Amino acid sequence: MGTDISLLEAVRFKAISDLGFNIEFEVLDFPNCQRKAALNPEAYDVYDQCFHNLAIVWFWGALQPIDTTWLGNWSKVSALTKSGGVGKYASRGFGDAPMNKLYVQPDHSLGPEETRYIAMLPTVHNFDSFGYDTRVFNTDGKERESWAMLFDPRAQGKLALVDEPAIGLFDVALAAEAMGVLRFENIGNMSPAEIGALFRFLKDKRKEGFVRRCWRTGEQAAKLFRDGDVVIQSMWSPAYNELGSAAAVVKEAVPAEGYRAWHGGLSIARHVSGPMLHMACEYMDWWLSGWAGAVMARRGYYMSAPLAVMDHLSAAEWSYWYDGQEAAQDLLGVDGETIIVRRGARRSGGSYLERARRIALWNTVMDEHNYAARAWARFASSVNGKLR
Amino acid sequence: MKRYELVAAALRSNIVSGRLEAGLVLLEGPIASLMKTSRAPVQAALRILEEEKLIRRFDGRGYLVGRAGTSAALVRRAIDKLDLRIPNEINAALQNRGLWEVVYEEVESAVAACLIFGEFRIIESELGDYYGVSRTVVRDVLGRLHERGIIAKTSSSHWIVGPLTAESVRERFQVRRLLEPEALRLAGDRIDLEKIAQSLQRERVRDPAKQGAADWMQLERDLMEFCIFRAPNQHLVELIRHNQMPLAAASRALTKLGLPEDEIAVSEYLMLFELITARAIDAAAIYLSNHLTALAEKNLARLKIVAVIGEAPVGVPYLTLRESE
């Protein structure tokens, strides 16, 4: 069970043929996936989601520790999750870095101290920002890209946000701080007073008519750009491949403040045991063996064991997606037919390492998540309800 | 006698004497106002009388006087016009506590249960109607809740509840760490060692297959009742009690949501009880302080979980979600 980030039919077919047992995918949106994972752990065997929601699902007791000695590819997982950054001087970012939720501690809590057991096997991840219409913003190519652009007067009535409190709320927070309107002592763990101020800001912006929509899937986001409903919005990487003719005018920003990072991974439900547990581990290990990582690369996602991915990408693909070089030729998407990158194009933000060094914060389930998520749910339904 | 037992006793004596005739319809509301109590004890009393086969359910609201299978004609009469005889000692016991105290307990528990789900408004008129009590009683009840810091008043004079934020959980645990180990030290010789030894024994022989997992909240209540609340300083005990109220309420609400038992907390309480029964009170106080630190972290983690529960399971009409922020 997971989201459309990683659960693609192409991946499922290949896994079945490589592993020799049947696999079924259940694809849900973020909030529903998280809710079902916590409340109904019998309904799935492997949970494919993000580290930040371990704060909820792990503490609900829905998952079990994963023995890393069962995972042949564990040693290939890079330093980003194991040590917290791609290099000693790389920005760690605010909020819930995956490292802090990686290892199962002796008291069954999660922490960064290395143990034999992990709560989630790190897989896909990315450094997200927002996309904007170059006919409206940065028309001369000299404008500074900042999260503040989300609430620029030019975005009025044409802004959309991702509808997930541990994600969309931070897009707004980064924007409010970049604008100089609000200041958070720790943007990754806000106090109730700071959350209150953030929602007052958001409410004012909504009254001014800024927010057009709150979306839940990348497909919805792509459609908003295609239909010309928005000129700027939160974006997920694969949505850039689905823009159709709008692709020519939509640019992925490289915000001066840094990216909002997230890290996906795989966990095992509490009830899984015996032969099913072995299959679950084989399936998870398979994700790190390269093929699936290559598919994810074509969606703009990085894999926690990048070197294995290299063997499954063409030289041109690797140098575009991971190295941030100009595409030496047209590059195809996951379907193997559609051209998603034109020859000569360069990935926004540069290479993997360049992007990974500029993490402003991680998607986070803050201490006050319960409080913030309820306020967010009311905000999102007021935005989307008004639309209906 | 518990309140519901008093109500049951009063009704029973009037059924046996025939003042409550066979076929008479018994409704919770009128009985509650006659007995000057809230509905919950009346509900419990009626269930007891049903088990005793003095009354039975029927195809309508309430109960009928008379055992199942009997076929007296349905009688609908106002119970306060029936001149019931309520034995003096029962009447005295029923009136012993002020009406507001009875209502207070129920309002407090309803209010506490909704704290983790956001900010609520208490509608005074609804509260009065629900319990069938006057505005004066409503004000007494809300005044006391306010005094205890459980509810607050907005600038527009609305009573509001919650939300229980992570910040306030953290602060309350800080208060617990400051006060409870010291109260344990002060309690010293007044600690009921026998009761603590009994709890310890109860858990040692527990068979989880038959009796279910140990309940750490029960162990916490034992610690409070038999140790910490024995401190010879009533003011301190009251502070500790009030500080804990919303935390205990949140824990109860989380347990109701189906959260698994915390086995580590259980083992920590047992360790603590071992130290107390060995009269190593200083060591126990230090252990308690560390235990509270760990418990605070777990409580913060658990509070996040509540976010997946969309709507608050409120269940009383006088609490309404405040969405205005």
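Residues numbered from 1 in each chain as written. Chains lettered and ligands numbered in written order. Predicted model: local features only at pLDDT ≥ 70, side-chain atom pairs only at ≥ 80, totals over all residues.

Some points on the overall build of chain B
When helices and strands are counted, chain B shows 14 helices and seven strands. Taken along its principal axes, the extent of the C-alpha atoms in chain B is 70 × 50 × 40 Å. Taken across its 325 residues, chain B has 34% of its residues classed as buried. When contacts within chain B are restricted to residue pairs at least 6 apart in sequence, long-range pairs at least 24 apart make up 80% of them. (Helix = DSSP H or I, 4+ residues; strand = E, 2+ residues; numbered from the N terminus. Buried ≥ 20, exposed ≤ 12 C-beta atoms within 10 Å, placed from the backbone. Contact = placed C-beta atoms within 7 Å.)

Quick notes on helix α1 (residues 3-16) of chain B
All names here are of chain B. In this model α1 runs 20 Å from its N-terminal to its C-terminal C-alpha over 14 residues, within 8% of the 20 Å that 1.5 Å per residue would give. Turning to α1, its buried residues number three or more, namely Arg-3, Leu-6, Val-7, Ala-8, Ala-10, Leu-11, Asn-14 and Ile-15. After α1 finishes, the residue Gly-18 shows a positive phi value of roughly 90 degrees. (Expected span 1.5 Å × (residues − 1).)

Structural notes on the domain arrangement of chain B
Residues and elements named next belong to chain B. Taken as a whole, chain B is organised into domain 1 (3-96), domain 2 (99-164 + 310-321) and domain 3 (166-308). Between domain 2 and domain 3, the C-alpha centre-to-centre distance is 27 Å. Each partner contributes residues to the interface: domain 2 has eight residues there, and domain 3 has ten residues. Looking at side-chain class alone, the side of domain 2 that touches domain 3 contains six nonpolar, one polar and one charged residues. (Domains from an automatic or database assignment. Nonpolar A, V, L, I, M, F, W, Y, C, P; charged D, E, K, R; others polar.)

Comments concerning the interface of chain A and chain B
With 25 residues of chain A at the contact, the number on the chain B side is 20 residues. Listing elements by their share of the side of chain A that touches chain B, those giving two or more residues are α2 (30-39), α3 (54-57), α6 (192-207) and α13 (369-387) of chain A. The element best represented in the side of chain A that touches chain B is α13(A), accounting for seven residues.

A short note on the domain arrangement of chain A
All names here are of chain A. According to the domain assignment, chain A consists of domain 1 (9-126 + 261-310) and domain 2 (130-257 + 358-387). For domain 1 versus domain 2, the separation of C-alpha centres amounts to 27 Å. Facing 20 residues of domain 1, the contacting portion of domain 2 comprises 19 residues. Contributing elements (two or more residues each) for the side of domain 1 that touches domain 2: α2, α3 and β13 (259-269). For the side of domain 1 that touches domain 2, the per-class residue count stands at ten nonpolar, seven polar and three charged.

Points about the sheet that holds strand β9 (residues 159-162) of chain A
The strands that make up a sheet pair up through hydrogen bonds in the backbone, lying either parallel or antiparallel. All names here are of chain A. With mixed pairing, five strands are arranged side by side in an open sheet as β10-β9-β11-β8-β12. Bordering the open sheet on either side are β10 (211-215) and β12 (250-252), each of which pairs with just one other strand. For this sheet the average axis-to-axis angle between neighbouring strands, irrespective of direction, equals 20 degrees. Across the sheet, helix α5 (residues 168-179) is in contact with β8 (130-133), β9, β10 and β11 (232-234); its angle to β9 comes to roughly 130 degrees. (Pairing = 2+ DSSP bridges. Axes fitted to C-alpha atoms, helices over the stretch in contact; angles between N-to-C directions.)

Quick word on the environment of Lys88(A)
By secondary structure assignment, the location of Lys88(A) is in the loop between α4 (79-82) and β4 (103-104). The spatial distance from the C-alpha of Lys88(A) to the C-alpha of Arg357(A) is 9.8 Å, given a sequence separation of 269 residues.

Quick notes on the sheet that holds strand β4 (residues 120-122) of chain B
Residue and element names in this part refer to chain B. Strand order in the open sheet formed by four strands is β5-β6-β4-β7, and the pairing between neighbours is antiparallel. Of all the strands in the sheet, just β5 (151-153) and β7 (319-321) have a single pairing partner and so form its edges. Direction aside, neighbouring strands of the sheet carry axes that sit 35 degrees apart on average. Taken together, the three bridges between β4 and strand β6 (residues 159-161) define a ladder with antiparallel strand orientation. Looking across to β6, one finds that Phe-120 is bridged to Val-161.

Brief notes about the packing of helix α1 (residues 9-19) of chain A against helix α8 (residues 274-287) of chain A
All names here are of chain A. It is the contact of α1 with α8, at a shortest axis distance of 11 Å, that shows an interaxial angle of 120 degrees. Taken together, α1 and α8 sit at an angle that is classed as oblique. The handedness of the crossing between α1 and α8 is right-handed. Contacts between α1 and α8 involve Ala-15, Asp-18 and Leu-19 on the former and, on the latter, Glu-282, Tyr-283 and Trp-286. Taken together, the residues that form the contact of α1 with α8 break down as four nonpolar, no polar and two charged. (Parallel < 35°, antiparallel > 145°, perpendicular 65-115°, else oblique. Left-handed = near helix turned anticlockwise from the far one by under 90°.)

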